[in-house]
Amino acid sequence: MKRTPSNASEALAMASESGGPVVWLGESGREAFVVHRHDDGDQEWLVAFRLAASGDALGEWRPVEFAVRQAVESESLAMSSKTIRALPIGELLAASRKALSAQRGGRTGSTGLRLVNPSAVYLAPFLEDARGRQPRDDVAYAGLALEYSFLVQDGDRTPAKTLAAQHGGVSGTWANRIAEARRRGLLTPVKPGEAGGGMTDKAMKLLNPAWSPEADALIDAQIAEMEGDA
């Protein structure tokens, strides 16, 4: 197992070669780092969060540090405040908490490094067969809303077809599930037949009860500080 990074910037450097989310859980079990690779259509970004357990509830995590960098440095596509603000920070943060939950619930040791497939966590209730299917409650649909939002953020105009291709089933079934998530107030409204929208505050809160607008405000403040240093 690789050692746990000491800060978010170091986590970015340690995860630079990874193709997917990377999670480190500290030995105390009360601090963790999660790094995501995000493609905005023009370039790939590495986004890192340092999370700390809230109070005595180890299942609730609050962001305490944030860092971002280009996955591959490019002179023609330089980092700017506009590109940073376009990143889906709230959704990446929710994905970080999901990935961390998967890490803590895994069979491997609780410390060190582990690669996770968050889609298997978000969409589990929709992927199990009828004999072992998990309940499809609001939390399950919030996970679907998160996965759908990532596809939309990446410019996917046919997310239902993409979900069917990646996870099985037919696109019509996934479209109905997406519509149900929207009906439950977990995705923002769009015109009928259009792909778009994003996660609502209700969905964010369902995926992690510790989430709050204040947590997003902390990220915004850190982005503003980065802009000031640029």
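Everything quoted here is computed from the prediction, not taken from an experiment.

Looking at the environment of Asp-39
- Position of Asp-39 relative to the elements: it lies in strand β2 (residues 31-39).
- Taking relative accessible area as the criterion, Asp-39 reaches 34% and is therefore assigned partly exposed.
- The spatial distance from the C-alpha of Asp-39 to the C-alpha of Ala-71 is 9.3 Å, given a sequence separation of 32 residues.
- What Asp-39 contacts, discounting residues up to four positions off in sequence, is Glu-44 and Asp-154.

Section: the pattern of salt bridges
- The tally for this structure, following the rule as stated, stands at 7 salt bridges.
- Here Glu-44 makes a salt bridge to Arg-37, at a shortest N to O gap of 2.8 Å.
- The exposure class of Glu-44 is partly exposed, given its relative accessible area of 33%.
- Where Lys-202 meets Asp-138, a salt bridge forms, and the shortest distance between an N and an O atom there is 3.8 Å. Of the two residues, Lys-202 sits in helix α9 (residues 201-207) while Asp-138 sits in helix α6 (residues 138-153), which places them 64 residues apart along the sequence.

So, how was this worked out
- Residues numbered from 1 in each chain as written.
- Predicted model: local features only at pLDDT ≥ 70, side-chain atom pairs only at ≥ 80, totals over all residues.
- Heavy atoms only, no water.
- Helix = DSSP H or I, 4+ residues; strand = E, 2+ residues; numbered from the N terminus.
- Buried < 20%, exposed > 50% of the residue type's maximum accessible area, 1.4 Å probe, protein only.
- Contact = heavy atoms within 4.5 Å.
- Salt bridge = Lys/Arg side-chain N within 4 Å of Asp/Glu carboxyl O.

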